[in-house]
Amino acid sequence: MRIVVIGAGITGLSIARVLTRYDNLEVVVVDKNPDVGWGVSKANTSIIHPCHEEDPDKHPLRTKLCLEGHDKWYEWTRELDIRVKWPGEIMAATSEEEIRVLEHYYELAIRNRVPGVRLLRGEELFRLEPTLNPEVIAGLYAPSAGTIDPIGACIALAENIVDNGGRLLLGRRVKGIRVGDYRVLGVETTGGFIQADLVVNAAGLYADEISRMAGISDYTIHPRRGQYLIYDRTVQPKPSRIIHSAPTQKTKGVYLVNTVGEVLLVGPTAEDLPSNMRDANYTTREGLEYVLKQAMKLIRKLPPRELVIRTYAGLRPEPSTGSFILRFHEDPWGFIEAAGIRSPGLTAAPGIAGYIEKLIREHVELKPREKWNPYRRDITRPKMLPATERNRLIRENPDYGRIICQCEGVSLGEVMEAVKRMKKIGVPEVTLDGLKFRAHIMVGRCQGTFCRPLTSFILQERLGLEIWSLKFNLEGSFYGVGRVKDLFKKPVEAGEK
Ligand SMILES: Cc1cc2nc3c(=O)[nH]c(=O)nc-3n(C[C@H](O)[C@H](O)[C@H](O)COP(=O)(O)OP(=O)(O)OC[C@H]3O[C@@H](n4cnc5c(N)ncnc54)[C@H](O)[C@@H]3O)c2cc1C
C-alpha cells in the first residue's frame, strides 16, 4: 500500500518518518520545493515550547500534541543527531498587568503538568538570568524549554526516511488529487501522476488549496508574518536562557534566543496578512523596529544594530478553525489532513505524527517492520573534534583540513559531504542554500562574502557545473547570468547597444 505525503516540512517529514516503521506501507514524500524544510519550517523562532502557553479548554488536542511532541523531541534529537539545547525560558513581565498574565500561564503550567515552572522575582530572577533588563519585575521560568535547528531537523528526518526505504520526490508541485469511487487514487504533480492508496496533506500555508483539490473546503488559511533579526555570534550580552515577553491572544511574544548556532535571534512580529499574500515573507522597517523596541524592554543592553548580520521573515499558516486540523476522511476515503499547523507546530510535530499514525491504524492494518533504523548521524564537524581525531580525519580525507568558511570554521570536507547527502535524499540539483543549511557555510558574520565564491569555484571544478548556473534556492535564483567573456565575444547585432 502506497502513502503519499504532500509537504516536506517538519509536519510531513515527521509523519513520513513514523510511517516508515511499517512493512506494508510504501512512503513517498512530495514537495514543490527542490529541497526539504523550505516552507514555514525554515523560518521560525526555533523553540521547543514547554507547552504552558496552551489552553487545554480552548485547544485540547493541540495542548496534548504539544506536550507529547515536546517530550518526543528529547528522544528524536538524540536518535537523529539534531542540534538542540535545553536552556529553559523566562517569560518576563514589566508591569503589574503582565504579572497577571504570568500568573495565568503558571496556572496552565500546573494544569498541563509542565515540570519545574516557577514564578520568580527580584534577586532570584536576576541570578538566573543576569542579562535581564532591570525594569523586568517578574519572570515565569520554565526549565524544559529548548531551542532546535528547525531546518536541520527536517534534513535529519529526510535522511532517516530514505535510510528506512522511504522516497522523496522534490521539485514537484501537486496540481490535483485524483479521486474515484469515493476514495483517493493518487496525486497529479508537475512531474506526472503518482498512484496512492492514502494521501496525507501536510502542505503548510497551502493546505487549504490541497484540501479543495480533494473536494474539502470547510476551512481556509491565512498567513501571519513574523519578522526577525540575527546578531553576530560575538555580541554581548547574550542571554543564557530564552527570554520572551508576555504572550497575547495572537502571539507568544517577542523572543531573545541564543540559538544552537550561537547567534542571537530576536523576534518575531505577528502580522495578519490576507490569504493572497502567502509569499510575503519579507521584512519591513516597521516590523524590525517593533521587534527591536520590544527586545530592549527584556534585555539589559541590546547589541548595536551594526552587529545585525541578517533579517528574515516567516509566515505562520493560521487556520480559520484556530486549531490544528487532523482528520482521516471517509469521503474521499484515504485523504488525511495534517493542516493548519500553526505555532507550536514545530514542537508538536512528533506528537502530530503519532496522532496521524493512530488515525491510519484505525482504518488500515499496519504491520511493523522487523528492522527499522531510528538512528542517523549528522555531518562530522572537524572543529568539534579533539585534535587527535581531527588530525586522523584530515589524514584520511585532506578536504577536512581545507577551511572554506573562515567565520564558522567549516571545511571543504563538510561541504562535499553535504553535496553527497543532498543527492542521497533526491535533491534534484545542488543549491547554495542547500549547502548553507547542511554544511553551515554562509551563516557567519560575512554571510558568504568569502565562502560563497570559494565554494562555487570548487563545485564548478568537482561537479563540472558552470559557476553562474548555480542556484541560491528556487528556480531563477541564479548565481550569475553567464560568462562575461562570452558576452564580449558575441557579434554586435545591428541596432544593439
Ligand atoms: C514566525 C514563526 C514563528 C514560529 N515559531 C515557532 C516556535 O518557536 N516553535 C514552534 O513549535 N513552532 C513555531 N512556529 C510554527 C512552526 O514553524 C510551524 O507550525 C511548522 O513549521 C509548520 O510545518 P509544516 O510542515 O506544517 O509546514 P511547511 O514547513 O510549510 O511544510 C509544508 C510543505 O508543503 C509544500 N507544499 C505546499 N504546497 C504544495 C504543493 N501544491 N505541492 C507540493 N508541495 C507543496 C511546501 O513547499 C512546504 O515545504 C512558528 C512559525 C512561524 C512562521
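From a predicted model like this one, the values you see are computed outputs, not experimental measurements.

1. Examining the overall build of the protein
Across its full length, the protein holds 13 helices and 23 strands. Computed over C-alpha atoms, the radius of gyration of the protein comes to 23 Å, within 12% of the 23 Å expected from 2.2 N^0.38 for 497 residues, which places it in the range of a compact globule. Projected onto the principal axes, the alpha-carbon positions of the protein cover approximately 75 × 60 × 60 Å. By residue count, 47% of the 497 residues in the protein fall in the buried class. Residue pairs at least 24 apart in sequence account for 73% of intrachain contacts in the protein once pairs closer than 6 positions are excluded.

2. Comments concerning the sheet that holds strand β3 (residues 47-48)
Note on sheets: strands pair through backbone hydrogen bonds, and any given pair is parallel or antiparallel. Strand order in this open sheet of three strands is β3-β8-β4, and the pairing throughout is antiparallel. Every other strand in the sheet has two partners, leaving β3 and β4 (84-85) as the edge strands with one partner each. Bridge analysis of β3 against strand β8 (residues 146-148) gives two bridges, and the strand direction is antiparallel. Across the sheet, residue isoleucine 48 finds its bridge partner in β8, namely glycine 146.

3. Remarks on the site of the ligand
Near the ligand lie 40 residues; those nearest to it are Gly9, Gly39, Gly204, Gly226 and Gly345. Put simply, the parts of the chain that give the shell around the ligand at least two residues each are α1 (10-19), β2 (26-31), β19 (308-319) and α8 (345-363). Taken together, the residues of the shell around the ligand sort by class into 18 nonpolar, 17 polar and five charged. Counting contributing residues, the shell around the ligand receives three or more from each of domain 1 (2-41 + 150-220 + 322-363) and domain 2 (89-143 + 222-319).

4. Overview of the domain arrangement of the protein
Domain boundaries assigned for the protein yield domain 1 (2-41 + 150-220 + 322-363), domain 2 (89-143 + 222-319) and domain 3 (382-484). A C-alpha centroid distance of 32 Å is found between domain 2 and domain 3.

How each quantity is defined
- Once a new chain begins, its residue numbering starts again from 1 and follows that chain's sequence as written.
- Predicted model: local features are reported for residues with pLDDT of at least 70 only, side-chain atom pairs are reported and counted for 80 or more only, and whole-chain, interface and lining totals are derived from all residues.
- A helix here means a DSSP run of H or I that spans at least four residues, while a strand means a run of E at least two residues long, and both kinds are numbered starting from the N terminus.
- Atoms considered for the radius of gyration are the C-alpha atoms alone. The globule rule reads 2.2 Å times the number of residues to the power 0.38.
- Exposed residues have 12 or fewer other C-beta atoms within 10 Å of their own C-beta, buried residues have 20 or more, and residues in between are partly exposed; the C-beta atoms are placed from the backbone.
- We call two residues in contact when the distance between their C-beta atoms, placed using the backbone, is within 7 Å.
- A strand pair is defined by DSSP finding two or more bridges across the two strands.
- Nearness rests on one distance test: the residue's C-beta atom, set from the backbone, must lie within 6 Å of the molecule or strand.
- Any residue that is not Ala, Val, Leu, Ile, Met, Phe, Trp, Tyr, Cys, Pro, Asp, Glu, Lys or Arg is counted as polar, Gly included; the first ten are nonpolar and the last four charged.
- Source of the domain bounds: an automatic or database domain assignment.

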